[in-house]
Amino acid sequence: MNPVLSFVNIKKAYHDEGEICPALDGISFDVCVNEIVCIMGPSGCGKSTLLRIINGLEKADSGTVREYPENEGGSLSAAMVFQDHALFPWLTIYENIVYGLRLSSHRVPEEELKERAEALLSLTHLDGFSDSLPHQLSGGMKQRVSVARALAIRPDILLMDEPFSALDTFTRRELEDEALRIRKETKTTVITVTHNPEEAVYLADRIVILSERPSVVSDILTVDLPHPRNPVNPDFIRLREEIIRLIRGKS
Ligand SMILES: Nc1ncnc2c1ncn2[C@@H]1O[C@H](COP(=O)(O)OP(=O)(O)OP(=O)(O)O)[C@@H](O)[C@H]1O
């Protein structure tokens, strides 16, 4: 499989009131085209920091996020889905979805905004909610809007930071299935952070486990099970328990 980006020896420390807080201590791994990579590790090891570095919200002290193909110019686009959906409460669902496109330096004509929003509302099973406000939607629906908003800019990479952790078990599974379907339909590469070993085995092609802070990559597990994955399948359970063992050993 071709890599779409590589982390090469990424280091990052925070400086807080004179104290240095080293977070990432030389993170290196590849992410391949159309892959779902789950990043896991003990609390505070720097998982969100890594996502924020990809998204440009944070700058690494050293190291490189190398993008491929290297010679084609322009950089990969990435969009983020946050745990708390981060929708604008005063904007309709439609306006939330097209928000990023309206800010884009390449002006997107209103007609195209509408077409893209309609396609995304349909993709995320939100047809008919275009004019609703976020408070009129359930938690799962709000998180779907958040995914639709991220996909609106047609990102090469979808970044998700504990996207489903605030949802109940049933809604969580529904959204995990949707994430898999969306990956298949849009061919987007997905990098997601989760604390939930079952979610990681259900979704991921590979699971990257970070050590305790200051973190390095301690293990990379390949999940070679066919979809739809069955959480009571012995191989599923074995991998889930392996993750718990590996992370416990690191915290
Ligand atoms: N803006 C900041 N200023 C100072 N320290 C920070 C800042 N952001 C994060 N940190 C520290 O850097 C470390 C890594 O934080 P980060 O949020 O990336 O970890 P995480 O693995 O995502 O945590 P969790 O699993 O608990 O969500 C933590 O010790 C955190 O306290």
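Residues numbered from 1 in each chain as written. Predicted model: local features only at pLDDT ≥ 70, side-chain atom pairs only at ≥ 80, totals over all residues. Heavy atoms only, no water.

The name an unreviewed UniProt entry assigns to the chain is ABC transporter ATP-binding protein, from the organism Methanoplanus endosymbiosus.

(A) Examining the side chain of Asp 161 more closely. Secondary-structure assignment places Asp 161 in strand β6 (residues 157-161). Buried charge without a partner: Asp 161 forms no salt bridge, and the closest opposite charge is Arg 52, 5.5 Å away. With residues up to four places along the chain from it excluded, the contact list for Asp 161 reads Ser 48, Leu 51, Val 81, Phe 82, Gln 83 and Val 193. (Helix = DSSP H or I, 4+ residues; strand = E, 2+ residues; numbered from the N terminus. Buried < 20%, exposed > 50% of the residue type's maximum accessible area, 1.4 Å probe, protein only. Lys, Arg positive; Asp, Glu negative; His and termini not counted. Salt bridge = Lys/Arg side-chain N within 4 Å of Asp/Glu carboxyl O. Contact = heavy atoms within 4.5 Å.)

(B) Main features of the packing of aromatic side chains. For the structure shown, the criterion picks out three aromatic pairs. Every member of this aromatic cluster is reached through a ring pair, and the members are Phe 88, Trp 90 and Tyr 99. The ring of Phe 88 is capped by Arg 149, whose NZ or CZ atom sits 5.9 Å from the centre of that ring. (Phe/Tyr/Trp six-rings, centres within 6.5 Å; stacked < 30°, edge-to-face > 60°. Lys NZ or Arg CZ within 6 Å of the ring centre and 35° of its normal.)

(C) Up close: the environment of Asn 9. Take Asn 9: it is sitting in strand β1 (residues 3-16). Placed 77 residues apart in sequence, Asn 9 and Ala 86 show a C-alpha to C-alpha distance of 31 Å.

(D) Molecular detail of the sheet that holds β1. Spatially, β2-β1-β4 is the arrangement adopted by the three strands of the open sheet, whose pairing is antiparallel. The open sheet is flanked by β2 (19-32) and β4 (62-67), the only strands paired with a single partner. Averaged over all pairs of adjacent strands, the angle between strand axes in this sheet comes to 15°, irrespective of strand direction. Where β1 and β4 come together, five bridges link them in antiparallel fashion. Paired with Val 8 across the bridge in β4 is Thr 64. Those strands touched by helix α1 (residues 47-54) are β1, β2 and β4, and its axis lies near 115° from that of β1. (Pairing = 2+ DSSP bridges. Axes fitted to C-alpha atoms, helices over the stretch in contact; angles between N-to-C directions.)

(E) Molecular detail of empty space enclosed by the protein. Under the counting rule described, the total for this entry stands at one cavity of 30 Å³ or more. The volume enclosed by the largest cavity comes to roughly 110 Å³. Along its surface, the largest cavity is lined by 13 residues, and Val 147, Met 160, Glu 178, Ala 179 and Ile 182 are the ones closest to its centre. At the level of elements, α4 (139-152), β6 and α5 (169-186) are the ones that each hand at least two residues to the lining of the largest cavity. The dominant element in the lining of the largest cavity, judged by the number of residues it contributes, is α5, at five residues. Grouping the constituent residues of the lining of the largest cavity by class yields eight nonpolar, two polar and three charged. (1 Å grid on protein atoms, 1.4 Å probe; cavity = no way out; pocket = protein on both sides within 12 Å on 5 of 7 lines; lining within 4 Å. Points joined across faces, edges and corners; volume = space filled by probe spheres on them. Nonpolar A, V, L, I, M, F, W, Y, C, P; charged D, E, K, R; others polar.)

(F) Looking closely at the sheet that holds strand β7 (residues 189-193). With mixed pairing, the six strands of this open sheet are ordered in space as β5-β6-β7-β3-β8-β9. The outermost strands of the open sheet, each flanked by one partner alone, are β5 (78-81) and β9 (217-222). Neighbour-to-neighbour, the strand axes of this sheet turn through a mean angle of 20°, independent of strand direction. The sheet strands contacting α4 are β5 and β6, and the helix crosses β5 at an angle near 170°.

(G) Spatial organisation of the site of the ligand. In the region of the ligand, 14 residues are neighbours, and Ser 43, Lys 47, Ser 48, Thr 49 and His 195 sit closest. In the environment of the ligand, an oxygen atom lies 3.0 Å from a nitrogen or oxygen atom belonging to the backbone of Gly 44. In the model, an oxygen atom of the ligand is placed 2.7 Å from a nitrogen or oxygen of the Lys 47 side chain. Sorting the residues of the shell around the ligand by element identifies β1 and α1 as the ones contributing at least two each. A per-element tally of the shell around the ligand places α1 first, with four residues. (Near = heavy atom within 4 Å. Polar contact = N/O pair within 3.5 Å; in protein donor to acceptor, adjacent residues only side chain to side chain.)

(H) Up close: the packing of helix α2 (residues 93-103) against helix α3 (residues 110-123). Two elements in contact, α2 and α3, have axes separated by 10 Å at closest approach and are oriented at 125°. What the angle tells us is that α2 and α3 run oblique. When the axes of α2 and α3 are compared, the crossing they make is right-handed. Contact residues: α2 offers Ile 93, Tyr 94, Ile 97, Val 98, Leu 101 and Arg 102, while α3 offers Glu 110, Leu 113, Lys 114, Arg 116, Ala 117, Leu 120 and Leu 121. Looking at the contact of α2 with α3, its residues break down into nine nonpolar, no polar and four charged. (Parallel < 35°, antiparallel > 145°, perpendicular 65-115°, else oblique. Left-handed = near helix turned anticlockwise from the far one by under 90°.)

(I) Quick peek at the pairing of strand β3 (residues 36-40). With five of five residues buried, β3 is to be regarded as a mostly interior element. Across four bridges, β3 lies against β7 in parallel orientation. Within the sheet, the bridge partner assigned to Val 37 lies in β7 and is Ile 191. Taken together, the four bridges between β3 and strand β8 (residues 206-210) define a ladder with parallel strand orientation. Note that in β8 the partner of Cys 38 across the bridge is Ile 207.

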